[in-house]
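Results of the structural survey
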Amino acid sequence: MTNRKERGRPPHGDILTPAEWRVADKVRHGMTNPAIAAMLGVSTDAVKFHVANVLQKLGLSSRGELRRWNGVRLDSHLARQEHGMGMETDFGAIGQIARSVRDIAAASAFYGETLGLRHLYTYGTLAFFDCGGVRLFLSQGDGDGAAESILYFRVGDIHAEQRRLEAKGVLFTHAPHMIHRHEDGAEEWMAFFKDNDDRPLALMSQAAPPN
């Protein structure tokens, strides 16, 4: 008797599929559906489909709940830190400062060529420069100064730091989420919270691949 093979994609061991994780992390970063679609090179309808599936799988009722959902994908290096393998880092080191600019090309020329900051990398309308160990993050927007500059504090275990701050009454608006995986496998993670004047601040952490 011939064994029948089930059609379709094999089941995933994780709670979300890789495509769903990519969309979920961008929702947790505060991106809109059109922005996610443009970044991933898919249709807005495809993003809406993934968001609906994610909410249904996680038992969540809104994007706001998803932004505060604390899940970690199983194939992430950060998943190891959930079992006590995170590196301890004193809170206080500034890892990144964000600034909105009107024209990313003109701003990149100013900060890179005129000021002489070392260019790290550019993704579309986002550019990053090194300021003596602190990363300057430029993003193209209206550049009118109305948008808040955000201080990003570098930490070792981003989830442990979130728990410590929440225990002190700090409000997190976006749970820790992976924003990028570099070619060498290193992962960039961020989480956003508010200060006492309701202004945005952030935690940032890097999860390195195993040696």
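About the cut-offs
Residues numbered from 1 in each chain as written. Predicted model: local features only at pLDDT ≥ 70, side-chain atom pairs only at ≥ 80, totals over all residues. Heavy atoms only, no water. Helix = DSSP H or I, 4+ residues; strand = E, 2+ residues; numbered from the N terminus. Contact = heavy atoms within 4.5 Å. Polar contact = N/O pair within 3.5 Å; in protein donor to acceptor, adjacent residues only side chain to side chain. 1 Å grid on protein atoms, 1.4 Å probe; cavity = no way out; pocket = protein on both sides within 12 Å on 5 of 7 lines; lining within 4 Å. Points joined across faces, edges and corners; volume = space filled by probe spheres on them. Axes fitted to C-alpha atoms, helices over the stretch in contact; angles between N-to-C directions. Parallel < 35°, antiparallel > 145°, perpendicular 65-115°, else oblique. Pairing = 2+ DSSP bridges. Buried < 20%, exposed > 50% of the residue type's maximum accessible area, 1.4 Å probe, protein only. Phe/Tyr/Trp six-rings, centres within 6.5 Å; stacked < 30°, edge-to-face > 60°. Salt bridge = Lys/Arg side-chain N within 4 Å of Asp/Glu carboxyl O. pLDDT = per-residue confidence, 0-100. Left-handed = near helix turned anticlockwise from the far one by under 90°.

Counting through the fold element by element, H182 comes out in the loop between β6 (172–181) and β7 (187–194). Spatially, the C-alpha atoms of H182 and A208 are 9.8 Å apart, while their sequence positions differ by 26 residues. Apart from residues lying up to four places away in sequence, H182 is in contact with Y121, Y123, E188 and Q206. There is a polar contact of 3.0 Å between the side chain of H182 and the side chain of E188.

Quantified by volume, the largest pocket comes out at close to 830 Å³. Taken together, 33 residues make up the lining of the largest pocket; nearest its centre are H29, L126, F128, F137 and S139.

Time to look at the packing of helix α1 (residues 18–28) against helix α3 (residues 44–58). The relative placement of two packed helices is expressed as an angle between their axes plus a distance between the axes. Between α1 and α3, whose axes approach to 9 Å, the crossing angle comes to 90°. It follows that α1 is roughly perpendicular to α3 by the angle criterion. On α3, the residues touching A19, E20, V23, A24 and V27 of α1 are V47, H50, V51, N53, V54 and K57.

What follows covers the sheet that holds strand β2 (residues 118–123). The mixed open sheet is built from 8 strands, whose spatial order is β2-β3-β4-β1-β5-β8-β7-β6. The sheet terminates laterally at β2 and β6, the two strands that pair on one side only. On average, each strand axis in the sheet is tilted by 25° relative to the strand beside it, whichever way the strands run. Note that β2 and strand β3 (residues 126–131) share 5 bridges and pair antiparallel. Directly across from T122, in β3, lies its bridge partner A127.

Positionally, G95 belongs in strand β1 (residues 94–101). G95 sits in the buried class, given a relative accessible area of 0%. For the pair formed by G95 and V134, sequence separation is 39 residues and the distance between their alpha carbons is 5.0 Å.

Taken as a whole, this structure holds 8 aromatic pairs when the rule is applied. Relative to F128, the ring of Y123 lies with its centre 6.3 Å away and its plane at 70°, an arrangement referred to as edge-to-face. Residue Y123 is classed as partly exposed on the basis of its relative accessible area of 37%. Judged by relative accessible area, F128 falls into the buried class, the value being 9%.

Before going further, it helps to spend a moment on the environment of L126. Along the chain, L126 turns up in strand β3. Taking the relative accessible area as the measure of exposure, L126 reaches 23% and is therefore partly exposed. For L126 and S139, which are 13 residues apart along the polypeptide, the C-alpha to C-alpha distance reads 4.7 Å. The residues contacting L126, other than those within four sequence positions of it, are I104, Y121, F137, L138 and S139.

Here we take up the pattern of salt bridges. Oppositely charged side chains are able to pair whenever their charged atoms sit close together. On inspection of all chains with the given rule, the structure shows 11 salt bridges. The residue D198 makes a salt bridge to K194 at a minimum N-O spacing of 3.3 Å. Taking the relative accessible area as the measure of exposure, D198 reaches 52% and is therefore exposed. On the basis of relative accessible area, K194 is assigned to the partly exposed category, the value being 30%.

Attention now goes to the confidence of the model for the protein. Model confidence for the protein is summarised by a mean pLDDT of 85, while 86% of its residues fall at 70 or above. Of the regions scoring below 50 in pLDDT, residues 1–8 engages in 0 contacts with residues more than four places distant in sequence or in other chains.

Two elements in contact, helix α2 (residues 33–40) and α3, have axes whose closest approach is 8 Å; the angle formed by their N-to-C orientations is 110°. Classed by the angle they form, the pair α2 and α3 counts as roughly perpendicular. Seen along the crossing, α2 lies across α3 with a hand that is right-handed. For the pair α2 and α3, the contacting residues are N33, P34, I36 and A37 in the first and T44, V47, K48 and V51 in the second.

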